[in-house]
Amino acid sequence: WACDSLDRLRYWLQTADAWRFPHVSHVTSFVHLYQQLLRWVNSDEPQRLSDAMAKYHLEISTRSLSYFRSLLAAKLPQLPLPEVPSSPGVLAALQIS
């Protein structure tokens, strides 16, 4: 990896999903994974995690769209740009198209 310093390690870790996204579950072994899955069988935890991930994804998508819209507006002021969508349905439609 050539990570001879903490700064280099931080640089590469920021690209790893397990470190960037807040709802990633970490397990230490296959047995731990199996135990975790058994705990989730009759639990609302998977749905809670799914809802939290969807909310986070909406927030980060909105932030990204807003950033790129601002960037385009600054670089190409003559370009007419639509407003940043705020509803999940519009964001989902944009992701599909």
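Each value, and the rule that gives it
- Residues numbered from 1 in each chain as written.
- Predicted model: local features only at pLDDT ≥ 70, side-chain atom pairs only at ≥ 80, totals over all residues.
- Heavy atoms only, no water.
- Helix = DSSP H or I, 4+ residues; strand = E, 2+ residues; numbered from the N terminus.
- Buried < 20%, exposed > 50% of the residue type's maximum accessible area, 1.4 Å probe, protein only.
- Contact = heavy atoms within 4.5 Å.
- Areas by Shrake-Rupley, 256 points an atom, 1.4 Å probe, with all protein chains shown as cover.
- Phe/Tyr/Trp six-rings, centres within 6.5 Å; stacked < 30°, edge-to-face > 60°.
- pLDDT = per-residue confidence, 0-100.
- Salt bridge = Lys/Arg side-chain N within 4 Å of Asp/Glu carboxyl O.
- Expected span 1.5 Å × (residues − 1).

(A) Spatial organisation of the overall build of the protein chain. Within the protein chain, the secondary structure is distributed over five helices and zero strands. Reading the helices (α) and strands (β) of the protein chain from amino to carboxyl end gives α-α-α-α-α. Counting only residues that meet the buried cut, the protein chain has 6% of its 97 residues in that class. Long-range pairs, those at least 24 residues apart, make up 36% of the contacts in the protein chain with a sequence separation of at least 6. When the accessible surface of the protein chain is split by element, carbon and sulfur atoms take 62% of a total near 8200 Å².

(B) Representation of the packing of aromatic side chains within the structure. Overall, the coordinates contain one aromatic pair when judged by the stated rule. Look at Tyr67 and Phe68: their rings are 5.0 Å apart centre to centre, the planes differ by 75°, and that puts the pair in the edge-to-face class.

(C) Spotlight on the confidence of the model for the protein chain. Residues of the protein chain with pLDDT of at least 70 account for 71%, and the chain-wide mean is 77. By mean pLDDT, the top-scoring element of the protein chain is helix H3 (residues 30-40) (93), and the lowest-scoring one is helix H5 (residues 88-96) (54).

(D) Representation of the pattern of salt bridges in the model. In the structure shown here, the tally under the stated rule is one salt bridge. In this structure, Glu45 and Arg48 form a salt bridge, with 2.7 Å as the shortest nitrogen-oxygen distance. Of this pair, Glu45 and Arg48 both sit in helix H4 (residues 45-75), separated by three residues, roughly a single helical turn.

(E) Examining H4 more closely. For H4, which comprises 31 residues, the first-to-last C-alpha distance of 45 Å matches the rise-based estimate of 45 Å (1.5 Å per residue) to within 8%. Those residues of H4 lying buried are Leu49, Ala52 and Ser61.

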